[in-house]
Amino acid sequence: MTDELRTLCSATVEGTLTPEQSRRLEELVLADPAARRFVVEHLNLHASLKWATGDSTMMARDGEATSEPQPKARPSKHRLVASLGWVVAACLLVGIGYGAYSGADSPAESRGFAKLTDASGCKWESGTLPTEPGARLGVGRLRLAEGIAKLVFDNGAELRLEGPADLELQDGNRCTLHAGRLVARCPESARGFFVETPSASLKDLGTEFGVSVTDGKTSDVQVFEGRVDVTHGKTGRVEKLLTGRGMRFTPDSATALDPKSAGPRTADVGTSLLPGQRLVTISTAAGRGKDTYVAGKPNLVHSSDVLLLVKCAQPHNSEYNRKAYVGLDLTQLAGAKAQSATLTFTQAPTGMGFASEVPDSTFTVYGLTDEKLNDWKETGLLWENAPGNASGGARVNPTKTVKLGQFQVRQGVQVGVSSVSTPELSEFLNTRKQPYATFILVRDTPGSGRNDYVHGFASKDHPTLPPPTLKLVVEGK
Amino acid sequence: MSDNASRVDEFVRLLAQNQRRLFVYVHTLVMNHADAEEVLQNTNLVLWREFGTFETGTNFAAWACRVAFNQVMAWRKKRQRDRLQFSDDFLTAIASETHDAGDALEEQTAALAGCLAKLPTDQRELIRLRYSEEGTIEAVATRVKRTVEATYRALSRIRHTLHECMTRTLARENRA
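This is a predicted model, so every value here is computed, not measured. (Residues numbered from 1 in each chain as written. Chains lettered and ligands numbered in written order. Predicted model: local features only at pLDDT ≥ 70, side-chain atom pairs only at ≥ 80, totals over all residues. Heavy atoms only, no water.)

**Student:** In this structure, what is going on with empty space enclosed by the protein? I would like to understand it.
**Tutor:** Rolled over the atoms, a probe with the dimensions of a water molecule shows which regions are left empty. Residue and element names in this part refer to chain A. By the definition in use, this model includes 3 cavities of 30 Å³ or more. Here the largest cavity is characterised by a volume of approximately 50 Å³. In terms of lining residues, the largest cavity is bounded by Ala-355, Val-358, Pro-359, Ser-361, Val-409, Arg-410, Gln-411, Gly-412, Val-413, Gln-414, Tyr-453 and His-455. (1 Å grid on protein atoms, 1.4 Å probe; cavity = no way out; pocket = protein on both sides within 12 Å on 5 of 7 lines; lining within 4 Å. Points joined across faces, edges and corners; volume = space filled by probe spheres on them.)

This is the structure:
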């Protein structure tokens, strides 16, 4: 067989293979691993000889070739020079117009135009692109809930996306930051890289800069190094920002920005306090605070000692309904008036039922208006004797309660903070005669009835998560 | 920018270190010099274009060979089917064997210089003529004043001598 293979190999490398011979060679190579190896070695020799002719140390003409086998053939001088010359040319081409190449023939590696290089510690919300580190990225949307994700575009532009953020990738040279923050570092090869925001368009001119989009319309741009040309969306005016400069772009204005003057953003109650105001925090863990839940079937009540379980079941499954009861001691508020109030619940996974079987859900917080009923007992509270309760998973007794507000929980979301912050809540607190308030939390949205998910919120007995908490800005003592 | 300059430096260094291996790999798959040079140039261009996706510290040679393999396939696609000697299956088998035998092939290639040195001068000269620029078998035959058939047979014999020498050298080293 070896003789036949030798003949075939010689014909292959000299280009004299007949169609019959190439069929025979394929047959041998595909059927026999030893033949395959033999052919590969022969082709490798052929290729190495071709390479070696450019290497004077290997092809010494005067017979003075080194007799020691060389551990690794070094790249020959002339080939190295050729590579260098070629790279310089490539850099120039890429520098002039990367875009011309981005649509070229695409082997498997080059599908998409960017890569997610690091996503350690990242949590994602539903986007349209893969979020696995190392994934190739093409046109689509990334929604980062938390963490810092690093993206590298094929032209060399590097983005660090800081959650929470919403980024849309348009092409190999352009992306849109809809919300959140990113830091972009663009080498020369990525000169002319664009970051769009709702109020401005940033053109990178070889630099490093940060941009942050808030309220879906305000863009703060900070240039760390180099230069960025920012085109204001409405006026079309171009601001040339150099190292150290920062500007804020709103839909209507462009103003200088001093990043050091920016305070922390507080999405909740913590707007700056006026003189005479103070912030009060009351949780179910304080004073005479209490929290528990009731269930349609009494023996379901103690399935969790640390979570308040909430579920709205289908009518025929009414025994699986659950409602949370929260009592807060308002003694701290005596003589003071609530300017604003936020009641916050912290969700935790219950592991009970299938989240897929519950759509996006609305939760409603009710206040118990009949103050005689504030005296409910945390232990032993039953569906039947729970104050203000009514039959049905979402219903309460309208004569004894008042609706204070609602929040939404997206399908499948089992952690996170949900709040109600309404004038009705402040009004309710300000009209209490007793220094006490009872709240009822219900889920308005029923599940499918097929072992659907039970939502859970941390109670005051939860080892790590905060219990239901009321934060108020009050005036007075 | 200095970061970009160092990235270019890194690319040039890695490409230079691996250019021989890439050339040999591509040549093994396309089997002739002119096509190998063309595919290698395209490969180099894609490597540069995609270099942003290459993570420093990972195996550049393996990454580059994957890119090269795709370039070989792209090059075959551009060629007329009837001008291709071998099937995709055959080529894929050769490529995967080249990959699997990678280290052994590298060692064989490293033994090549020693084996060339052991050749009689006239045989070494024949190889040099055949593998230098424009080294068609006809041109070589004319230079050494032999028939094309005789030259063909001589070159085949020399290659097999070299192959056996390289294999022997490796076997000896492995015993040592």
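**Student:** Any chance you could explain the environment of A:Arg443 here in plain terms?
**Tutor:** All names here are of chain A. Position of Arg-443 among the secondary structure elements: in strand β24 (residues 436-443). Considered as a pair, Arg-443 and Val-365 are 78 residues apart in the sequence and their alpha carbons are 9.0 Å apart. Ignoring sequence-local partners within four residues, the contact set of Arg-443 consists of Val-310, Lys-311, Cys-312, Val-358, Ser-361, Thr-362, Phe-363, Gly-393, Ala-394, Asp-452, Tyr-453 and His-455. From its side chain, Arg-443 meets the backbone oxygen of Cys-312 in a polar contact 3.3 Å long. (Helix = DSSP H or I, 4+ residues; strand = E, 2+ residues; numbered from the N terminus. Contact = heavy atoms within 4.5 Å. Polar contact = N/O pair within 3.5 Å; in protein donor to acceptor, adjacent residues only side chain to side chain.)

**Student:** What exactly am I supposed to notice about the nonpolar core here?
**Tutor:** Soluble, globular proteins show a tendency: their nonpolar side chains are buried together. Membership of the largest hydrophobic core comes to 54 residues, with the highest contact counts inside it found for B:Leu47 and B:Phe60. The set of elements that each furnish at least two residues to this core consists of α1 (2-14), α2 (19-31) and α3 (33-52) of chain A together with α1 (2-30), α2 (33-49), α3 (60-78) and α4 (88-100) of chain B. Take this core: its biggest share by element is 12 residues, from α1(B). The residues touching B:Leu47, leaving out its near neighbours within four places in the chain, are B:Phe11, B:Leu15, B:Leu22, B:Phe60, B:Trp63, B:Ala64 and B:Val67. Grouped together as the second largest cluster of nonpolar side chains are 38 residues, A:Phe113, A:Ala114, A:Leu151 and A:Leu169 included. (Core = buried A, V, L, I, M, F, W, Y, C linked by side-chain atoms within 4.5 Å. Buried < 20%, exposed > 50% of the residue type's maximum accessible area, 1.4 Å probe, protein only.)

**Student:** Just checking my understanding: could you explain the pattern of salt bridges for this structure?
**Tutor:** Pairing of side chains with opposite charge becomes possible as their charged atoms draw close. The final tally for this structure, using the stated rule, is 37 salt bridges over all chains. Overlapping salt bridges, with partners in common, bring together A:Arg141, A:Arg143, A:Asp166 and A:Glu168 in one network. (Salt bridge = Lys/Arg side-chain N within 4 Å of Asp/Glu carboxyl O.)

**Student:** Explain the packing of aromatic side chains here, please?
**Tutor:** Per the counting criterion, the structure on display carries 18 aromatic pairs over all chains. Between the aromatic rings of B:Phe86 and B:Phe90, the centroid separation amounts to 4.2 Å while the plane-to-plane angle is 20 degrees, which identifies the pairing as stacked. Comparing B:Phe86 with B:Phe90, the two get one shared label, buried. An aromatic cluster of at least three residues, connected via ring pairs, comprises B:Phe11, B:Trp48, B:Phe51, B:Phe54, B:Phe60 and B:Trp63. The ring of A:Phe194 has A:Arg174 lying over it, and the distance from NZ or CZ to the ring centre is 4.3 Å. The side chain of A:Lys290 reaches across the aromatic face of A:Trp376, ending 4.4 Å from its centre. (Phe/Tyr/Trp six-rings, centres within 6.5 Å; stacked < 30°, edge-to-face > 60°. Lys NZ or Arg CZ within 6 Å of the ring centre and 35° of its normal.)

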